[in-house]
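Tertiary structure, described
What follows is each chain in one-letter form.
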Amino acid sequence: MTSKFNSVILDIEGTICPVSFVKDTLFPYFLEHLEEYLSKIEFPLGNTTSNLQNAEFAGILDKFPTEYSCGKATLEKYIRELVKNDVKDPVLKELQGYVWKTGYNSGEILAPLYDDAIEAIKHWSVTLSGGLYIYSSGSIEAQKLLLSHVKISKSGHPLNVANLNGLLSGYFDTTNAGSKIQIASYRRILQKIGYGLETESQLKYSSVLFLSDNPAEVEAAIQAGMTSYLVYRAGNREIPHEIQQRVKVITNFAQLF
Ligand SMILES: [Mg+2]
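Throughout, residues of each chain are indexed from 1 in the direction in which the sequence is written. Given that the model is predicted, a residue must reach a pLDDT of at least 70 before its local features are reported, and side-chain atom pairs must reach 80 or more before they are shown or counted; all residues, however, enter totals for whole chains, interfaces and linings. Derived side-chain values reflect all non-hydrogen atoms in the structure, with water molecules and hydrogen atoms excluded from consideration.

1. Regarding the coordination of the magnesium ion
The protein atoms that coordinate the magnesium ion are D11 (OD), E13 (O) and D213 (OD), at distances of 2.1 to 2.2 Å. The buried label goes to any residue with under 20% of its type's maximum accessible area, the exposed label to any with over 50%, and the partly exposed label to all in between, with areas taken from a 1.4 Å probe on protein chains only. Since its relative accessible area comes to 4%, D11 is described here as buried. Residue classification places E13 among the partly exposed positions, given a relative accessible area of 24%. Metal-coordinating donors are taken as N, O and S atoms lying within 2.8 Å of the metal, or within 3.2 Å when the metal is Na, K or Ca; because water is left out, some sites can appear incomplete.

2. Things to note about the domain arrangement of the protein
Per the domain assignment, the segments making up the protein are domain 1 (2–17 + 111–256) and domain 2 (22–105). Just so you know, the domain bounds were taken from an automatic or database domain assignment. When each unit is reduced to the centre of its C-alpha atoms, the spacing between domain 1 and domain 2 is 32 Å. Whether two residues touch is decided by their heavy atoms; if any such pair falls within 4.5 Å, the residues are in contact. Between domain 1 and domain 2, the residue contacts involve six residues of the former and five residues of the latter. Take the accessible area each of two parts loses on contact, using a 1.4 Å probe, and add the two losses: that sum is the buried area. Across the interface of domain 1 and domain 2, roughly 490 Å² is buried in total on both sides, 65% from carbon and sulfur atoms.

3. Section: the pattern of salt bridges
If the charged atoms of two oppositely charged side chains come close together, the side chains can form a pair. Salt bridges are counted wherever a side-chain nitrogen of Lys or Arg sits within 4 Å of a carboxyl oxygen of Asp or Glu. Under the definition given, this model contains ten salt bridges. Of the charged contacts, one joins K180 and E217 as a salt bridge, the two residues approaching to 3.2 Å between their closest N and O atoms. One end of the pair, K180, is in the loop between β5 (170–172) and α8 (183–192); the other, E217, is in helix α10 (residues 215–223), and 37 residues separate them in sequence. With relative accessibility at 8%, the residue E217 sits in the buried group. Across the pair E219 and R246 runs a salt bridge, and its minimum N-O distance is 2.7 Å. Of this pair, E219 sits in helix α10 while R246 sits in helix α11 (residues 241–246); the two residues are 27 residues apart in sequence, bridging distant segments of the chain. Residues participating in the shared-partner salt-bridge network are D11, K180 and E217. Segments assigned H or I by DSSP are reported as helices when at least four residues long, segments assigned E as strands when at least two residues long, and all are numbered from the N terminus.

4. Topic: the pairing of strand β1 (residues 7–10)
Of the two faces of β1, the one carrying S7 and I9 and the one carrying V8 and L10 are both buried. Only strands that DSSP links by at least two bridges are regarded as paired with each other. With four bridges joining them, β1 and strand β6 (residues 208–212) adopt parallel strand pairing. Bridge pairing in β6 links S7 to V208. Bridge analysis of β1 against strand β2 (residues 132–135) gives three bridges, and the strand direction is parallel. Residue pairing for β2: I9 is matched across the bridge by Y133.

5. With respect to helix α1 (residues 20–38)
Every helix has an expected span of 1.5 Å times one less than the residues it contains. For α1, spanning 19 residues, the distance from its first C-alpha to its last is 27 Å, which sits close to the expected 27 Å at 1.5 Å a residue. Within the span of α1, buried status applies to F21, L26, Y29, F30, H33, L34, Y37 and L38.

6. Here we look at the packing of helix α4 (residues 72–84) against helix α5 (residues 90–105)
Packed helices, taken two at a time, are described by the angle their axes make and the gap between the axes. Axis lines are fitted through C-alpha atoms, for helices just across the contact stretch, and the angle between N-to-C directions can take any value from 0 to 180 degrees. Their axes nearest at 11 Å, the elements α4 and α5 cross at an angle of 100°. Relative to α5, the element α4 lies roughly perpendicular. Facing α4, whose interface residues are I79, L82 and V83, α5 presents L92, L95 and Q96. The nonpolar class holds Ala, Val, Leu, Ile, Met, Phe, Trp, Tyr, Cys and Pro. Asp, Glu, Lys and Arg form the charged class, and all remaining residues, Gly among them, are polar. Partitioning the contact of α4 with α5 into residue classes produces five nonpolar, one polar and no charged. Any angle between 65 and 115 degrees counts as roughly perpendicular, while under 35 counts as roughly parallel, over 145 as roughly antiparallel, and the rest as oblique.

7. Some points on the sheet that holds strand β8 (residues 249–250)
Taken in spatial order, the six strands line up as β5-β2-β1-β6-β7-β8 in an open sheet, and their pairing is parallel. Both outer strands of the open sheet, β5 and β8, are each paired with one neighbouring strand and no more. Lying on the sheet, α10 is in contact with β6 and β7 (227–231); it crosses β7 at an angle near 170°.

8. Some details on the pairing of β2
Alternating positions in β2 separate into two faces, L132 and I134 on one and Y133 and Y135 on the other, with burial throughout. Pairing geometry for β2 and β5, over three bridges, is parallel. Bridging across to β5, Y135 finds its partner in F172.

9. Section: the packing of α8 against α10
Running from N to C, α8 and α10 point in directions that differ by 55°, and their axes come no closer than 8 Å. Here α8 is positioned oblique relative to α10, judged by the angle of their axes. Between α8 and α10 lies a crossing of right-handed hand. Together, I183, Y186 and R187 of α8 and E217, A220, A221 and Q223 of α10 make up the contact between the two elements. Its residues placed into classes, the contact of α8 with α10 shows four nonpolar, one polar and two charged. Handedness of each helix crossing follows the sense of rotation of the near helix against the far helix: counterclockwise by less than a right angle gives left-handed, clockwise gives right-handed.

Shown next, in the form of structure tokens:
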């Protein structure tokens, strides 16, 4: 069935990876290790020689407002408040990224991709003529980190880790493609992966398959001319009945083959 597609573009959370991974693994990991990371830092932050060993971490902390970054206890309380209130703070995002990178690299964090998604990624990497891509609202750096630490659990074998980045042709996030619910973003991606504006190229837009768990993203991709299916996984938000009538829903990538 996928032979009719030349290119495939994948969302991450809720599509190839459980949505609970961020909520139940990444966020708790950050909060559990925050105190330990802060304990390695000398305050006040400006003193670079005392924080030489942890310069990158100290440098990020130094970007928080001075009234909060003046002391360890005040700063820890401030960071926990940001997380608790789900504040979209760019410095917090950078700090979390640093802690998660360290966790991935130490092997403490492994990304639990769905087995059928891993199998499909392997298959597409060798069969698609127009490439396999990721489009996620997480940064490209975060996408690559996640995909380079994928948990592989085969029965009878010890836990294993795989790096899937070598199987991908490229990555898109909100900085190089735009908002995931806007039609223009999908048009931009089509152009960037080689489907131009001329008529014979536009005829090929539907040979590009986009898979996501978000109905608004799927509908934007369809309106841009792509083929797009909604992915429903255990733990995902229920799909409203009227959307199920408009778009095709799959629950396992094996249904595409
Ligand atoms: Mg998603």
